[in-house]
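Here is what each chain is made of, one letter per residue.
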Amino acid sequence: MPSATVEDYIKHIYLVSEKLTSCEVPMGQVAEALGVVPGTATTMVKALADAGLVQYAPRVGVRLTEPGRKLALHVLRRHRLIEQFLVEVLGFDWSEVHEEAEQMEHVVSDLLLERIDRYLGHPTEDPHGDPIPSAEGELLGGALETLLDCPLEAPLWVARISDQDPDFLNYIAESGLNPGVQLQVCARSLRAESVQIILTGSGESLTLGMGAAAKVQVRLSR
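Being a predicted model, the structure only gives us computed values, none of them experimental.

Novice: Looking at this structure, I do not really get the pattern of salt bridges. What am I missing?
Specialist: Side chains that differ in sign of charge can pair as their charged atoms come close. In total, this model carries 10 salt bridges according to the counting rule given. Here glutamate 18 ties to arginine 160 by a salt bridge, and the two come within 3.7 Å at their closest N and O atoms. Placement of glutamate 18 in helix H1 (residues 4-18) and of arginine 160 in strand S4 (residues 156-161) is noted, with a sequence separation of 142 residues between them. Classification of glutamate 18 by relative accessible area gives partly exposed; the value is 38%. Using a relative accessible area of 14% as the deciding quantity, one classes arginine 160 as buried. The salt bridge involving arginine 160 is made with aspartate 130; its shortest N-O contact spans 2.3 Å.

In structure tokens form, the structure reads like this:
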């Protein structure tokens with residue numbers, strides 16, 4: 001079984017790569033995601049390359065191999081099922097579960113994980129709207145847009161919150177933008193760097209900064 005450090009590197013390389021248009025993840029971004037200095041990240045990535053989990057090119061970056069991608073999705077499956085269990089069964093707030101799952105994802109056995117999955121009814125999303133990979137390593141989910149690039153005045157549903165910082169999640173919850181909520185984007189102002197939305201259920205109007213709006217992902221149909 002890979003070490004917790006290996007799993008952390010593989011998982012974060014995958015998560016950073018999701019946000020990029022290029023295939024390779026720059027080493028500076030890997031180091032930032034793991035909270036280490038670039039030299040430490042480079043040493044570890046070279047070891048991952050020797051193990052066949054990544055491809056690494058100096059001054060270019062790193063990308064996951066197919067075995068690396070499968071490992072990343074397996075770790076994410078553990079993490080996201082644990083988060084869903086903590087919220088749905090143990091009553092944790094969604095802003096609390098990320099750090100707990102970060103610790104537990106490395107010690108939960110596959111047998112326990114599958115029992116958790118079955119108990120929860122095989123959920124496809126965690127409390128933040130992140131897709132839960134299947135046991136076969138498949139990642140389902142339709143195309144999503146952020147509140148910055150979605151259509152104006154169209155019926156939308158909040159699908160995913162991409163920032164799991166507890167303070168930000170509390171802000172989102174207080175604003176009523178939890179996954180599953182329906183809304184419309186009324187206007188965007190580049191000058192004011194703001195996005196105005198209306199919550200369909202309550203009719204409440206909200207104004208978000210563009211930084212926050214970029215972290216709220218929506219879909220056109222449920």
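Novice: Could you clarify how one ought to interpret the pairing of strand S5 (residues 182-189) in this entry?
Specialist: A regular strand carries its side chains on alternate faces of the sheet. Here S4 pairs with S5 via two bridges, running antiparallel. Paired with tryptophan 157 across the bridge in S5 is glutamine 182. The sheet contact formed by S5 and strand S6 (residues 194-199) spans six bridges and is antiparallel. Counterpart to serine 189 in the pairing with S6 is serine 194. Taking the residues that link successive antiparallel strands as the turn, the S5-S6 hairpin has four residues, and the phi of glutamate 193 there is positive, at about 55°.

Novice: I would appreciate a short explanation of the side chain of arginine 80 in the present structure.
Specialist: Note on placement: arginine 80 falls in helix H4 (residues 66-88). In this structure, arginine 80 is buried with no salt-bridge partner, the nearest side chain bearing the opposite charge being aspartate 126 at 4.1 Å.

Novice: Would you mind going over the layout of surface pockets with me for this structure?
Specialist: Remark: the empty space left among the atoms is shown by a probe the size of a water molecule rolled over them. By volume, the largest pocket amounts to about 1,100 Å³. As for the largest pocket, its lining consists of 37 residues, and the residues nearest its centre are Leu15, Glu18, Lys19, Arg160 and Ser162. Among the elements of the structure, H1, helix H2 (27-34), H4, helix H5 (97-104), S4 and strand S8 (216-219) are those that each provide at least two residues to the lining of the largest pocket. With five residues, H1 is the largest single contributor of residues to the lining of the largest pocket. Of the residues contributing to the lining of the largest pocket, the split by class is 11 nonpolar, 12 polar and 14 charged.

Novice: Mind showing me how you'd approach the packing of H2 against helix H3 (residues 38-50) here?
Specialist: Put simply, H2 and H3 touch, their axes get as near as 9 Å, and they point 100° apart. Comparing the axis directions of H2 and H3 gives the class roughly perpendicular. Residues Met27, Val30 and Ala31 of H2 pack against Pro38, Ala41, Thr42 and Val45 of H3. In the contact of H2 with H3, the residues fall into six nonpolar, one polar and no charged.

Novice: Help me understand the packing of H4 against H5 in this model?
Specialist: Describing two packed helices takes the angle between their axes plus the distance from one axis to the other. In the contact formed by H4 and H5, the axes pass within 9 Å of each other and the chain directions differ by 130°. It follows from the interaxial angle that H4 and H5 lie oblique. Relative to H5, H4 is oriented so that their crossing is right-handed. Every residue of H5 that contacts H4 at His79, Ile82, Glu83, Leu86 and Val87 is listed here: Val97, His98, Glu100, Ala101, Glu102 and Met104. Across the contact of H4 with H5, the residue classes break down as six nonpolar, two polar and three charged.

Parameters and conventions
- Residues numbered from 1 in each chain as written.
- Predicted model: local features only at pLDDT ≥ 70, side-chain atom pairs only at ≥ 80, totals over all residues.
- Heavy atoms only, no water.
- Salt bridge = Lys/Arg side-chain N within 4 Å of Asp/Glu carboxyl O.
- Helix = DSSP H or I, 4+ residues; strand = E, 2+ residues; numbered from the N terminus.
- Buried < 20%, exposed > 50% of the residue type's maximum accessible area, 1.4 Å probe, protein only.
- Pairing = 2+ DSSP bridges.
- Lys, Arg positive; Asp, Glu negative; His and termini not counted.
- 1 Å grid on protein atoms, 1.4 Å probe; cavity = no way out; pocket = protein on both sides within 12 Å on 5 of 7 lines; lining within 4 Å.
- Points joined across faces, edges and corners; volume = space filled by probe spheres on them.
- Nonpolar A, V, L, I, M, F, W, Y, C, P; charged D, E, K, R; others polar.
- Axes fitted to C-alpha atoms, helices over the stretch in contact; angles between N-to-C directions.
- Parallel < 35°, antiparallel > 145°, perpendicular 65-115°, else oblique.
- Contact = heavy atoms within 4.5 Å.
- Left-handed = near helix turned anticlockwise from the far one by under 90°.

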